[in-house]
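# Structural features, examined
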Amino acid sequence: MVFWISRSRRQTSILVKEQLYSEQTPFQKIDFFDSETFGKFFTLDGLIMITEKDEFIYHEMISNVPMAVNPDIKKVLIIGGGDGGTAREVCRFKTVEQVDMVEI
């Protein structure tokens with residue numbers, strides 16, 4: 001099975017070993033796949049949101065930059081935390097005492 005992503009004139013394809021899950025919610029279409037190249041990956045409405053292979057890069061950047069600017073942060077609010085990776089990264093900072101995450 002091949003997963004295709006089309007945006008205007010650009011296309012990307014990923015060879016999929018298995019589709020793990022699929023559901024249409026009131027908010028979006030959710031799919032989980034497994035591939036050799038990216039490991040497990042998650043799509044919303046046909047767009048890749050996160051892959052097992054490189055998810056840490058996104059979450060490190062979204063959490064480390066604000067924490068570097070203010071290293072004494074004690075309370076963190078994450079809006080739209082999705083898979084929890086940003087919360088995981090924020091919890092690695094010793095000054096953080098509380099993390100609240102809001103998601104649909």
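Further up the page is the structure itself.
Sequence order as written defines the numbering, with residues in each chain counted from 1. Only residues with pLDDT of 70 or above have their local features reported here, since the model is predicted, and side-chain atom pairs are shown and tallied only from 80 upward, although totals for entire chains, interfaces and linings are computed over all residues. Note that the side-chain values use all heavy atoms of the structure and ignore hydrogens as well as water.

### So, helix H1 (residues 55–69)
Only DSSP runs of H or I covering at least 4 residues are called helices, and only runs of E covering at least 2 are called strands; the numbering of each starts at the N terminus. In a helix, the anticipated span is given by 1.5 Å times the number of residues less one. Helix length check: H1 (15 residues) gives 22 Å between terminal C-alpha atoms against 21 Å at 1.5 Å per residue, within 8%. When a residue's accessible area, from a 1.4 Å probe over protein chains only, is under 20% of the maximum for its type it is buried; when over 50% it is exposed; and in between it is partly exposed. What H1 keeps buried is the set Glu55, His59, Ser63 and Met67. Whether two residues touch is decided by their heavy atoms; if any such pair falls within 4.5 Å, the residues are in contact. Those residues of H1 that are buried lie in contact with strand S5 (47–51) and helix H2 (85–90).

### Topic: the pattern of salt bridges
What makes a salt bridge here is a side-chain nitrogen of Lys or Arg within 4 Å of a carboxyl oxygen of Asp or Glu, nothing more. One pass over the full model with this rule turns up 6 salt bridges. Its salt-bridge partner being aspartate 34, residue lysine 17 comes within 3.7 Å of it at the nearest N-O pair. In this pair, lysine 17 sits in strand S2 (residues 10–24) while aspartate 34 sits in strand S3 (residues 29–35), placing the two residues 17 residues apart along the sequence. Of the charged contacts, one joins glutamate 36 and lysine 17 as a salt bridge, the two residues approaching to 3.6 Å between their closest N and O atoms. With glutamate 36 in the loop between S3 and strand S4 (39–44) and lysine 17 in strand S2, this pair connects stretches of sequence that are 19 residues apart. The class of glutamate 36 is exposed, set by a relative accessible area of 65%. Each of Glu55, Arg88, Glu89 and Arg92 takes part in one network of salt bridges that share partners.

### Concerning the packing of aromatic side chains
Pairing of aromatic rings covers Phe, Tyr and Trp, the last counted by its six-membered ring, and requires centre-to-centre distances within 6.5 Å; plane angles under 30 degrees mean stacked, over 60 mean edge-to-face, and any other angle means tilted. All told, the structure shown has 3 aromatic pairs when counted by the stated rule. Ring centres of tyrosine 21 and phenylalanine 32 lie 6.4 Å apart, and the angle between their planes is 55°; on these two criteria the pair is classed as tilted. Taken as a pair, tyrosine 21 in strand S2 and phenylalanine 32 in strand S3 lie far apart in primary sequence, 11 residues in all. With a centroid separation of 4.8 Å and 20° between ring planes, the pair formed by phenylalanine 32 and phenylalanine 42 is classed as stacked. Taken together, the residues span a long stretch of sequence, with phenylalanine 32 in strand S3 and phenylalanine 42 in strand S4 at a distance of 10 residues. Relative accessible area serves as the criterion here: at 33%, phenylalanine 32 is assigned to the partly exposed category. Residue phenylalanine 42 is classed as buried on the basis of its relative accessible area of 18%. Grouping aromatic residues by their ring pairs yields a cluster made of Tyr21, Phe32 and Phe42.

### Quick look at unusual backbone geometry
For aspartate 45, which is not glycine, the phi dihedral falls at a positive 50°. Among the structural elements, aspartate 45 can be located in the loop between S4 and S5.

### Focus on the nonpolar core
What we call a nonpolar core is a set of buried Ala, Val, Leu, Ile, Met, Phe, Trp, Tyr and Cys residues that are connected through their side-chain atoms within 4.5 Å. Within the largest apolar cluster, 7 residues are counted, these being Met67, Ile73, Val76, Ile78, Ala87, Val90 and Val96. Those elements that provide at least two residues to this core are strand S6 (75–79) and H2. When near neighbours in sequence (up to four residues on either side) are disregarded, valine 96 contacts Met67, Ile73, Lys74, Val76 and Val90.

### Notes on the environment of isoleucine 30
Position of isoleucine 30 relative to the elements: it lies in strand S3. The class of isoleucine 30 is buried, set by a relative accessible area of 16%. Sequence separation of isoleucine 30 and methionine 61 is 31 residues, and the distance between their C-alpha atoms is 25 Å. Each residue touching isoleucine 30, except ones within four places of it in the same chain, is listed here: Tyr21, Ser22, Glu23, Thr25, Phe42, Thr43 and Leu44.

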